[in-house]
Amino acid sequence: YQRRVMGNVDLIAKMLTKFRALDVYRKIPQDISTATLSGGVVSIISFIFMAVFFLSEFSAFLRVETVKNTLIDVNRGGDKMKININVTMTNLPCGVLSLDQQDAMGTHVMDVKAALIKRRLTQDGKYINQELLRIESEGESDEPSHSDAHVDEIKQQIANKEQCQLYGFIMVNKVPGNFHISCHAKGPILHRLYSSINAIDVSHHIHHLSFGDDINSKLVKISGQTAEAFAPLDDRIHIKEAGGSSPSYEYYIKVVPTTFELLDKSNFYGYQFSTNDNKQANSNMVPAIFFRYDLSPVTVKYTQRKIGFLHFLVQICAIIGGVFTVAGIVTGIVQKSAAVVKKMS
């Protein structure tokens, strides 16, 4: 048994000797190496460079990079598009107000009933009550009332100069189209409410208008844009000039689908848009606010990226190896130069 143990020990010693022969990083005994002033200076400078490069790489490792790409739109986000609305009609009461929508596919809906709320306000903007516009159940009538009592109620709202805040959202097809705010749905009784078309005032305050999911400040920061790129019509106000005719207002909107892919691979679908507006005098047309939108065929995609840990580790190794190699070369040059100068002197 003892011989077997000794034989194993000898075998292990021979294997260690062979491994030792493979050492390419052989150490020079300290008693035959000499420390020099130039070597110390180069070493200090090398450590400073390594520290600076390390901090730079560590900062890049922690930083999240956003890459912007432009792609052909392949119906990301579905066939429908959400439009978020918050508009106050400053001189048009809720009783006469309606929102109509139509698009290039032939859809034409008057007095849209969706996730919208009409909020009645006094002339001073104080809350009176509100009405949820909903799609009627089967068997319920969605025809507007033309009774004398209903007409008298609307006349009273007009006489009191009530305002109406319309807010919520509608879902539309992802094709060019428009939606407009006016009193077209009350066409059969308009002559009983107003003395003339010119008496219909569509002065308004757009508190908010956006497409798709509401983009929060984090996503705006990722895009590198300002919040105005996603809601450029916010706080837009148009008031009818005193004594002038009642114009219609048209907003021409170019919508660009926008996709956000975050680090956790979650996706958000929103829309940037640009807009121009125009005020048009009416002759025999009922004044209205038109929002005419058209969709871009391309999608802007923002993708978050971050340097991987293995990449960071490779960079650190490259920095350490590179600095040590260059430092060794510089030290050799300095020492040889010093030796040549010493010989010459």
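Refer to the preceding data block for the structure.
As the structure is a prediction and not an experimental result, all values here were calculated from the model.

About the thresholds
Residues numbered from 1 in each chain as written. Predicted model: local features only at pLDDT ≥ 70, side-chain atom pairs only at ≥ 80, totals over all residues. Heavy atoms only, no water. Helix = DSSP H or I, 4+ residues; strand = E, 2+ residues; numbered from the N terminus. Buried < 20%, exposed > 50% of the residue type's maximum accessible area, 1.4 Å probe, protein only. Contact = heavy atoms within 4.5 Å. Areas by Shrake-Rupley, 256 points an atom, 1.4 Å probe, with all protein chains shown as cover. Pairing = 2+ DSSP bridges. Expected span 1.5 Å × (residues − 1). Salt bridge = Lys/Arg side-chain N within 4 Å of Asp/Glu carboxyl O. Axes fitted to C-alpha atoms, helices over the stretch in contact; angles between N-to-C directions. Parallel < 35°, antiparallel > 145°, perpendicular 65-115°, else oblique. Left-handed = near helix turned anticlockwise from the far one by under 90°. Nonpolar A, V, L, I, M, F, W, Y, C, P; charged D, E, K, R; others polar. Phe/Tyr/Trp six-rings, centres within 6.5 Å; stacked < 30°, edge-to-face > 60°. Core = buried A, V, L, I, M, F, W, Y, C linked by side-chain atoms within 4.5 Å.

**Q** Can you tell me about the overall build of the protein chain, naming the residues and giving the values?
**A** Regarding its fold elements, the protein chain presents 6 helices and 14 strands. A total of 345 residues make up the protein chain; the buried ones form 35% of that total. Long-range pairs, those at least 24 residues apart, make up 82% of the contacts in the protein chain between residues at least 6 apart in sequence. Put simply, the protein chain shows about 21300 Å² of open surface, and 58% of that area lies on carbon and sulfur atoms.

**Q** Tell me about the pairing of strand E8 (residues 177-182), residues and numbers included.
**A** With 6 of 6 residues buried, E8 lies mostly within the body of the structure. Pairing of strand E3 (residues 98-103) with E8 involves 6 bridges; the strand directions are antiparallel. Counterpart to Gln-101 in the pairing with E8 is Phe-179. Here E8 runs beside strand E13 (residues 289-295); their pairing, made up of 5 bridges, is antiparallel. Directly across from Gly-177, in E13, lies its bridge partner Tyr-293.

**Q** If you had to explain helix H2 (residues 37-62) to someone new, which residues and values would you point to?
**A** An α-helical turn contains 3.6 residues, so any two residues separated by three or four positions project in the same direction. Taking 1.5 Å of rise per residue, the 26 residues of H2 would be expected to cover 38 Å, and the 38 Å separating its terminal C-alpha atoms lies within 8% of that figure. Within the span of H2, buried status applies to Gly-39, Val-42, Ser-46, Met-50, Glu-57, Ala-60 and Phe-61. Here the buried face of H2 lies against strand E14 (298-306) and helix H6 (309-344).

**Q** Go over the pattern of salt bridges with me, naming the residues and quoting the values.
**A** As enumerated under the stated definition, the model contains 8 salt bridges in all. Two residues, Glu-241 and Lys-279, come together in a salt bridge whose shortest N-O distance is 3.8 Å. Here Lys-279 lies in strand E12 (residues 267-280) and Glu-241 lies in the loop between strand E10 (236-238) and strand E11 (248-261), a separation of 38 residues in the sequence. For Glu-241, a relative accessible area of 56% gives the class exposed.

**Q** Go over the pairing of E12 with me, naming the residues and quoting the values.
**A** Examined bridge by bridge, E11 and E12 share 14 bridges and lie antiparallel to one another. When the bridges of E12 are listed, Tyr-251 appears paired with Asp-277. Between the end of E11 and the start of E12, which pair antiparallel, lie 5 residues, with Lys-265 showing a positive phi angle near 70°.

**Q** Break down the environment of Ser-38 for me, citing the residues and quoting the values.
**A** Mapped onto the elements, Ser-38 comes out in helix H2. Considered as a pair, Ser-38 and Val-334 are 296 residues apart in the sequence and their alpha carbons are 7.1 Å apart. When neighbours within four sequence positions are excluded, Ser-38 is seen to be in contact with Val-334 and Gln-335.

**Q** Please provide a residue-by-residue account of H6, values included.
**A** Counted at 1.5 Å a residue, the expected span for H6 with its 36 residues is 52 Å, and the 53 Å between its end C-alpha atoms agrees. Turning to H6, its buried residues are Phe-312, Ile-316, Ile-319, Val-323, Ala-327 and Thr-331. Buried residues in H6 make contact with H2.

**Q** Describe the packing of H2 against H6, listing the residues and the values that go with them.
**A** Running from amino to carboxyl end, H2 crosses H6 at an angle of 160°, the nearest separation of the two axes being 10 Å. When the axis of H2 is compared with that of H6, the two are roughly antiparallel. As H2 runs across H6, the sense of the crossing is right-handed. Partitioning the contact of H2 with H6 into residue classes produces 16 nonpolar, 6 polar and 1 charged.

**Q** Give me the lowdown on the packing of aromatic side chains, citing residues and values where you can.
**A** This structure, assessed with the given rule, holds 13 aromatic pairs. When the centroid spacing of 5.1 Å and the interplanar angle of 10° are considered together, the rings of Tyr-251 and Phe-291 count as stacked. A residue pair is termed long-range when its members are at least 10 positions apart, and Tyr-251 in strand E11 and Phe-291 in strand E13 qualify at 40 residues. Both residues of the pair, Tyr-251 and Phe-291, belong to the buried class.

**Q** How would you explain the side chain of Ser-210 if you had to name every residue and give the values?
**A** Relative to the helices and strands, Ser-210 is located in strand E9 (residues 204-211). Overall, Ser-210 belongs to the buried group, its relative accessible area being 5%. Apart from residues no more than four positions distant in its own chain, Ser-210 is found in contact with Lys-82, Ile-83, Asn-84, Phe-230 and Phe-273.

**Q** Could you give me a rundown of the nonpolar core, with the residues and numbers involved?
**A** Ranked by size, the top nonpolar core spans 42 residues in total, and within it Phe-291 and Tyr-293 carry the most contacts. Not counting residues up to four positions away in its chain, the partners in contact with Phe-291 are Gly-177, Asn-178, Phe-179, Ile-181, Ile-206, Leu-209, Leu-233, Tyr-251 and Ile-253. Residues Ala-229, Phe-260, Val-300 and Tyr-302 belong to the second largest nonpolar core, which totals 9 residues.

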